[in-house]
Amino acid sequence: MPADLIAGMLRQLPPSGSTLKLLDLGGHCAGPFREKRQDLNIHRLAELPAGKSRYDAIVALDQPLAPRFLAAALRKLRPGGRLIIGWRHGEIDAGQQLELEAAGFVRILLETQGDSLLLRGERPLEAQEGQERNPGVSVEAAGHVAALRPGRYVHLLLRQTPERAPWATEPGEALRWQALTLDVPGERRLLAFSNLPQAVAFMQPAVLQGRLRDVNKVGKFPREAVNDWPFAPLLDPAPDVLERADTGLVDVDPAAAALPDE
């Protein structure tokens, strides 16, 4: 393993007690890690184990970011534990962060180490996980905008008709935007996201799994536009919300969207 990659991976190990419980997936890291850290209780395994055991950190070399692997790794980490992957050859790609976010990791780091690439994701703390499992947003009497976290914009998943790239749209051509809604207990809500990566991370696996159809655009709106929508936003829900709620569509005004350079 390249020395700079070893050093980078060691720097990303989480804080721990007197001994850090580490799973070395594939067994490539144990030797060089033991030379640098005497407090590591290293388990060298060829694959993620079954059972209820959890680890402070999981490290792997040249491990692909397959959704099934990422989901299993998240389950094997204690809250606040970290998945640390070193690629001996690689470059930073926006899709890598989206894949880690979609699996549920937080505090994501992507950085190059010479010709190598280091990727880190952290399992949320228990309080954060509880918030993700209960993503409902209260609506106050002042209007839907009161339900949003601080920020200038909110993003919606849309069906655009006709489906065309911006450069192919004729001047003055009428576009219909229909935003995705969810029927949650007792009310109907607009599916909304606080930033674009969050929206894409939710949408991509849902489309691949066939849970979302005909969604072909993410729309960016100023937060002030929220009060003109017929339903309150459900902000940054967990992906499994689609398993528990029926989806629908509601018209929103394309003219209310933020310009691309805003």
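Small disclaimer: the values here were computed from a predicted structure and weren't measured. (Residues numbered from 1 in each chain as written. Predicted model: local features only at pLDDT ≥ 70, side-chain atom pairs only at ≥ 80, totals over all residues. Heavy atoms only, no water.)

Asks: Please set out the overall build of the protein chain residue by residue, giving values where relevant.
Replies: Regarding its fold elements, the protein chain presents six helices and twelve strands. Looking at the protein chain residue by residue over its 262 residues, the buried ones come to 45%. Sequence-distant contacts, at least 24 apart, represent 68% of the contacts inside the protein chain between residues at least 6 apart. Of the roughly 13,800 Å² that the protein chain leaves accessible, carbon and sulfur atoms contribute 50%. (Helix = DSSP H or I, 4+ residues; strand = E, 2+ residues; numbered from the N terminus. Buried < 20%, exposed > 50% of the residue type's maximum accessible area, 1.4 Å probe, protein only. Contact = heavy atoms within 4.5 Å. Areas by Shrake-Rupley, 256 points an atom, 1.4 Å probe, with all protein chains shown as cover.)

Asks: Go over the pattern of salt bridges with me, naming the residues and quoting the values.
Replies: Evaluated as defined, the whole model comprises seven salt bridges. The partner of Arg11 in a salt bridge is Glu111, and the shortest N-O contact between them spans 4.0 Å. Residue Arg11 is located in helix α1 (residues 3–11), and its partner Glu111 is located in strand β5 (residues 106–113); the two are separated by 100 residues in the primary sequence. Judged by relative accessible area, Glu111 falls into the partly exposed class, the value being 23%. Of the charged contacts, one joins Arg176 and Asp251 as a salt bridge, the two residues approaching to 2.8 Å between their closest N and O atoms. Of this pair, Arg176 sits in strand β8 (residues 176–184) while Asp251 sits in strand β12 (residues 246–252), placing them 75 residues apart in sequence. Since its relative accessible area comes to 41%, Asp251 is described here as partly exposed. Here the residues in one salt-bridge network are Arg82, Arg107 and Glu122, joined through shared partners. (Salt bridge = Lys/Arg side-chain N within 4 Å of Asp/Glu carboxyl O.)

Asks: Lay out the confidence of the model for the protein chain in plain terms, naming residues and giving numbers.
Replies: Parts of the prediction with low pLDDT should not have their coordinates interpreted in detail. Mean pLDDT for the protein chain: 81, with 84% of residues reaching 70 or above. Model confidence for the protein chain, summarised as mean pLDDT per element, is weakest for helix α5 (residues 126–133) at 49 and strongest for strand β3 (residues 55–61) at 96. Low pLDDT, under 50, characterises residues 130–150; the predicted model gives this stretch 41 contacts beyond four residues in sequence or across chains. (pLDDT = per-residue confidence, 0-100.)

Asks: Any details on the side chain of Arg82? Residues and values, ideally.
Replies: For Arg82, the position within the fold is in strand β4 (residues 77–87). We classify Arg82 as buried; its relative accessible area is 8%. For Arg82, the side chain forms a polar contact with the side chain of Glu122, separated by 2.9 Å. In this view, Arg82 contacts Gln12, Leu13, Pro14, Asp56, Ala57, Ile58, Leu77, Arg107, Arg120, Gly121 and Glu122; residues no more than four positions away in its chain are not counted. (Polar contact = N/O pair within 3.5 Å; in protein donor to acceptor, adjacent residues only side chain to side chain.)

Asks: Tell me about the pairing of strand β6 (residues 116–122), and please be specific about residues and values.
Replies: With seven of seven residues buried, β6 is to be regarded as a mostly interior element. Going residue by residue along β6, you find Ser116, Leu118, Arg120 and Glu122 tucked away on one face and Leu117, Leu119 and Gly121 tucked away on the opposite face as well. Taken together, the six bridges between β4 and β6 define a ladder with antiparallel strand orientation. Directly across from Gly86, in β6, lies its bridge partner Leu118. Of the pairings in the sheet, the one linking β5 to β6 comprises six bridges and is antiparallel in character. (Pairing = 2+ DSSP bridges.)

Asks: Explain the sheet that holds strand β1 (residues 20–25) to me, and be specific about the residues and the numbers.
Replies: Spatial ordering of the open sheet is given by β2-β1-β3-β4-β6-β5, a layout of six strands whose pairing is mixed. The open sheet has two free edges, formed respectively by β2 (40–45) and β5, since each of these has just one partner strand. The sheet shows a mean angle of 15° between the axes of neighbouring strands, direction not considered. Examined bridge by bridge, β1 and β3 share four bridges and lie parallel to one another. In the sheet register, Leu22 faces β3, and the bridge partner there is Ala57. On top of the sheet, helix α4 (residues 94–103) reaches β4, β5 and β6; it is set at about 150° to β5, its chief contact. (Axes fitted to C-alpha atoms, helices over the stretch in contact; angles between N-to-C directions.)

Asks: Can you tell me about unusual backbone geometry, naming the residues and giving the values?
Replies: Note that the residue after Thr161, namely Pro162, is joined by a cis bond; omega there is -5°. Looking at the element boundaries, Pro162 is found in the loop between β7 (153–161) and β8. In this structure, Asp62 is a non-glycine residue whose phi angle is positive, near 55°. Topologically, Asp62 is positioned in the loop between β3 and α3 (67–76).

Asks: Pulling in residues and values, what's your account of helix α6 (residues 196–208)?
Replies: Taking 1.5 Å per residue, 13 residues should reach 18 Å; α6 reaches 18 Å between its end C-alpha atoms and fits that length. Those residues of α6 lying buried are Ala199, Val200, Ala201, Phe202, Met203 and Ala206. Contact partners of the buried residues in α6: α4, β7, β9 (187–193) and β10 (217–222). At the C-terminal side of α6, Gly210 shows a positive phi close to 80°. (Expected span 1.5 Å × (residues − 1).)

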